[in-house]
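# Report on the structure
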Amino acid sequence: MKIKEFTQEFIIEEDRDFDSAHASTLLELKNGDILAAWFGGSWEKGADVAIWVSRRVSGKWERPRKAADRRAVAMWNPVLFRRADGSIRLFYKVGATIQQWQTWYMDSLDEGESFTEPKELVEGDVGGRGPVKNKPIRLADGTVLAPASFEGDTWDAFVDISYDDAQTWQKSELVPMRRSCFEIQMVDRPYNKYYCFGKGVIQPSLWQDATGDVHMFLRSTSSRIFRSDSKDGGKTWCTAYDTGLPNNNSGLDLVKLPDGTLVLAYNPRENLPNYYKGPRTPLILAYSEDNGEHFKELKVLEDGPGGFAYPAIICNDKNEILVTYTWKRERIVFCKLVYEK
């Protein structure tokens, strides 16, 4: 797999209307333009943090505008998804803390130019149902799976399942975990692929393979990307296990290309010794041609000092891979990669 063309650009210019931007999501519009969203404000958790959107029209990004704003409580982690009827759904979290998250959504019937009034995803829910960071996927039978997780005393992942095109949701079983300890110390730890050191796993990224099985890669506190597999359409999952891929306790995302190749966007770094996180640089793309068993480096997106993280990745049928990510918690970067096999 080779990259023929590469475009990398800021969505947000320096005269932006907020100091911090993070947790982007993107979707290709029907005419080939791009819609992106993220949360922005003074800083994560700030009461002034709102959900912002911008469209890339004819190769140029429009000035970002607010899509949702509570003005008194923080907003987080937007996720874009196209429903079967062609409308675009924008999910996002609302809450002063992660433990208080409620999930809301709005729809766009005009390719991101405007959005409907917000609605609660699961009435009365506290903790955050629905997609937590990464995009839902649609299975071959039309079922929609939203990658979800909870962050409390432990970190736990699951999927929300919809059989009616993202209107109503049923929560899957939690992904089983074997937590060996909650100590931060990672040096000379006994290896067992089922051991997860620390709180656990969050923020799944999903794919369905050619046999119909569903899989997830997971951010973990254990210095590795973890994985779990489902043979029943996401209702239940096997015990999460270590893939061997480094993870610095930062968000990741992957996409399955039309030919079945997986492309993973992540920071290939472990946690620092005696700490539960690692530096969020470099940021790379890697690909797998064997259903996620092995990966090869495809492209280094960033490798300098600073924080480059929380990628979102999609593809289309024109041999294009599209990525957004956080740049130093200040701006959002967009990349387009044209590839050949």
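In what follows, the structure referred to is the one given above.
So, about unusual backbone geometry. The omega torsion of the bond from Thr281 to Pro282 falls at 0 degrees, within 30 degrees of zero and hence cis. At Lys328, a residue that is not glycine, the phi angle is positive and equals roughly 55 degrees. Structurally, Lys328 can be placed in the loop between strand S26 (320-327) and strand S27 (331-340). Phi at Arg329 takes a positive value of approximately 60 degrees, unusual for a residue other than glycine. Residue position: Arg329 is located in the loop between S26 and S27.

Attention shifts here to the nonpolar core. Among the nonpolar cores identified, the biggest contains 27 residues, and Leu90 and Tyr92 are the most heavily contacted of them. Elements with a minimum of two residues in this core: strand S2 (20-28), strand S3 (34-41), strand S4 (50-57), strand S6 (65-68), strand S7 (75-82), strand S8 (88-94), strand S9 (102-108) and strand S25 (308-315). Per-element accounting of this core gives the leading share, four residues, to S8. Those residues in contact with Leu90 that sit more than four places away from it in its chain are Ala37, Ile51, Val53, Ala67, Pro78, Val79, Leu80, Trp104, Tyr105, Met106 and Phe115. Judged by nonpolar contacts, the second largest core, of 20 residues, contains Leu298, Val323, Val333 and Tyr339.

This next bit is on the sheet that holds strand S23 (residues 283-288). In spatial order, the strands read S21-S22-S23-S24; together these four strands make up an open sheet with antiparallel pairing. Two strands bound the open sheet, and with one partner strand each, they are strand S21 (253-256) and strand S24 (296-302). When the angles between neighbouring strand axes are averaged without regard to direction, this sheet yields 20 degrees. Relative to strand S22 (residues 262-266), S21 runs antiparallel, the two being bridged by four bridges. Looking at S22, one finds that Lys256 is bridged to Leu262.

To continue, consider the pattern of salt bridges. Taken as a whole, this structure holds 23 salt bridges when the rule is applied. Residues Asp253 and Lys135 are paired through a salt bridge, measuring 3.0 Å at the closest nitrogen-oxygen approach. Taken together, the positions of Asp253 in strand S21 and Lys135 in the loop between strand S10 (119-120) and strand S11 (137-138) put the pair 118 residues apart, joining distant regions of the chain. Here the two residues Asp253 and Lys135 agree in accessibility, since each one is buried. What you see here is one network of salt bridges that share partners, running through Arg83, Asp85, Arg138 and Asp165.

Together, Leu272, Tyr275 and Tyr276 make up a nonpolar patch on the protein surface, roughly 280 Å² of accessible area in all. Examined against the element boundaries, Tyr276 turns out to sit in the loop between S22 and S23.

Let's shift gears to the pairing of S2. In terms of burial, S2 is a largely internal element, nine of the nine residues being buried. When S2 meets S3, the two strands line up antiparallel, connected through seven bridges. By the bridge assignment for S3, Glu28 is matched with Ile34.

In this section: the sheet that holds strand S1 (residues 2-10). If you trace the four strands from one edge of the open sheet to the other, you get S1-S27-S26-S25, paired in antiparallel fashion. Both outer strands of the open sheet, S1 and S25, are each paired with one neighbouring strand and no more. The sheet shows a mean angle of 20 degrees between the axes of neighbouring strands, taken without regard to direction. Pairing analysis gives eight bridges linking S26 to S27, with the strands arranged antiparallel. Within S27, the position partnered with Thr324 by the bridge is Phe334.

This next bit is on the environment of Lys45. Checked against the element boundaries, Lys45 lands in the loop between S3 and S4. Through-space distance from the C-alpha of Lys45 to that of Asp165 is 31 Å; in sequence the pair is 120 residues apart. Look past the residues within four positions of Lys45 in its chain and what remains in contact with it is Ala74, Trp76 and Ala96.

Here we take up the side chain of Lys133. Topologically, Lys133 is positioned in the loop between S10 and S11. Among buried charged residues, Lys133 stands out as having no salt bridge; its nearest opposite-charge side chain is Asp253, 5.0 Å away. Only 3.3 Å separates the side chain of Lys133 from the backbone oxygen of Leu252, close enough to count as a polar contact. When neighbours within four sequence positions are excluded, Lys133 is seen to be in contact with Asn77, Pro78, Val79, Gln203, Gly251, Leu252, Asp253, Tyr310 and Pro311.

What counts, and where the lines are drawn
- Residues numbered from 1 in each chain as written.
- Predicted model: local features only at pLDDT ≥ 70, side-chain atom pairs only at ≥ 80, totals over all residues.
- Heavy atoms only, no water.
- Helix = DSSP H or I, 4+ residues; strand = E, 2+ residues; numbered from the N terminus.
- Core = buried A, V, L, I, M, F, W, Y, C linked by side-chain atoms within 4.5 Å.
- Buried < 20%, exposed > 50% of the residue type's maximum accessible area, 1.4 Å probe, protein only.
- Contact = heavy atoms within 4.5 Å.
- Pairing = 2+ DSSP bridges.
- Axes fitted to C-alpha atoms, helices over the stretch in contact; angles between N-to-C directions.
- Salt bridge = Lys/Arg side-chain N within 4 Å of Asp/Glu carboxyl O.
- Patch = residues over 30% accessible without salt bridge, like charges linked within 9 Å, V, L, I, M, F, W, Y side chains within 5 Å.
- Areas by Shrake-Rupley, 256 points an atom, 1.4 Å probe, with all protein chains shown as cover.
- Lys, Arg positive; Asp, Glu negative; His and termini not counted.
- Polar contact = N/O pair within 3.5 Å; in protein donor to acceptor, adjacent residues only side chain to side chain.

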